[in-house]
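# Structural overview for review
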Amino acid sequence: MSRISHIEIDDSNLPPPTPEIEQERKVAMFDLMEDNSFALPPREGRATPPGPYRLTLAIREKRLVFDIATEAGEKAAEFHLSLSPFRQVVKDYFQICESYFDAVKSLPPSQIETIDMARRGIHNEGSRILIERLAGKAEVDEDTARRLFTLICVLHWGG
C-alpha cells in the first residue's frame, strides 16, 4: 500500500507556532492521514520496502529531512532537501495567509474569496516545487504534495 500511515513533525528545536500556524498544521495532518498517496521508487537498482510508511519531517542543518520507515519501524529511506527552492514561496504563503486571517475578521466575503484564491495559487506553486524536489526520491499526488507543503511551511516558519 503506497501511502503514509503515520506522520510526525520533529519541531523540537523550533519556537512554538502561533495559534493560526498550529491550526494549519492540524488540518494538514488530519487531511493527509485521511487521504494520501506516497510511494518510494526503486533506487540504484534496489527494491524499496513496501508501504504504508511512517514519515518524520524535520529541519536539520538548514535542510528539510524526510525520514521514512515501514509500519514495523524499519528504515525505508531518508533524504534531505535544500530549503532554498522553498524560501520565497513559503514567505509569500505566510504573507498571504496573514492577509487572509486579517481579512476574515473584517472584510466582506468577496474580498476574502479573492485573497483565498491568491493563497491557493501560492500553495499550488509550493506543492509543484515539492513534487519537483521529490522526483526520483518519492512519488506523491497533488493533494498529498499540498498537505506536505503546508507542513513544510510550519517547519520552515519555525526554522
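Look above for the structure.
In this report, we go over the structure that sits alongside the text. Note that the coordinates shown come from a computational prediction; the quantities given were computed from them, not determined experimentally. Counting of residues starts from 1 at the beginning of each chain's written sequence and follows it residue by residue. For this predicted model, a pLDDT threshold of at least 70 governs which residues receive local features, and a threshold of 80 or more governs which side-chain atom pairs are given and counted, while totals over whole chains, interfaces and linings are taken from all residues. The side-chain quantities take in all heavy atoms of the structure and omit both hydrogens and water.

So, on to helix α1 (residues 19–34). The helix count covers DSSP runs of H or I at least four residues long, the strand count covers runs of E at least two residues long, and both are numbered beginning at the N terminus. A helix's residues, less one, multiplied by 1.5 Å, set its expected span. Here α1 contains 16 residues, and its C-alpha end-to-end distance of 23 Å stays within 8% of the 22 Å for a straight helix at 1.5 Å per residue. Within α1, the full set of buried residues consists of I21, E24, R25, A28, M29 and L32. Viewed along the axis of α1, the buried residues span an arc of 125 degrees, placing them on a single side of the element. In α1, the exposed residues that point more than 90 degrees away from the buried face are P19, K26, F30 and E34. Think of it in three bands: residues with accessible area under 20% of the maximum for their type are buried, residues over 50% are exposed, and the middle band is partly exposed, with areas taken using a 1.4 Å probe on protein chains only. The arc under discussion is defined with respect to the helix axis, by the directions toward the C-beta atoms.

Attention now moves to the side chain of N36. Position of N36 relative to the elements: it lies in the loop between α1 and β2 (38–39). Within polar-contact distance, the side chain of N36 engages the backbone nitrogen of I4 at 2.6 Å. Looking at N36, its side chain comes within polar contact range of the main-chain oxygen of L32, at 2.7 Å. Excluding residues within four positions of it along the chain, N36 makes contact with S2, R3, I4 and T144. Here a polar contact means two N or O atoms within 3.5 Å. Within protein one must be a hydrogen donor candidate and the other an acceptor candidate, and residues neighboring in sequence count only if both atoms are side-chain atoms. In this description, contact between two residues means that some pair of their heavy atoms is separated by no more than 4.5 Å.

On to the packing of helix α2 (residues 84–106) against helix α3 (residues 109–134), then. Relative to each other, α2 and α3 sit at 160 degrees, their axes nearing to 9 Å. Taken together, α2 and α3 sit at an angle that is classed as roughly antiparallel. Along this stretch, α2 crosses α3, giving a crossing that reads as left-handed. Contacts between α2 and α3 involve P85, F86, V89, D92, Y93, I96, C97, S99, Y100, A103 and V104 on the former and, on the latter, I112, I115, D116, A118, R119, I122, H123, E125, G126, I129, L130 and R133. Here an axis means a line fitted to C-alpha atoms, over the contact stretch when the element is a helix, while the angle between two N-to-C directions is reported on a 0 to 180 degree scale. Geometric relationships in this document are graded by angle, where less than 35 degrees denotes roughly parallel, more than 145 denotes roughly antiparallel, 65 to 115 denotes roughly perpendicular, and other angles denote oblique. What makes a crossing left-handed is the near helix being turned counterclockwise from the far one by less than a right angle; a clockwise turn instead makes it right-handed.

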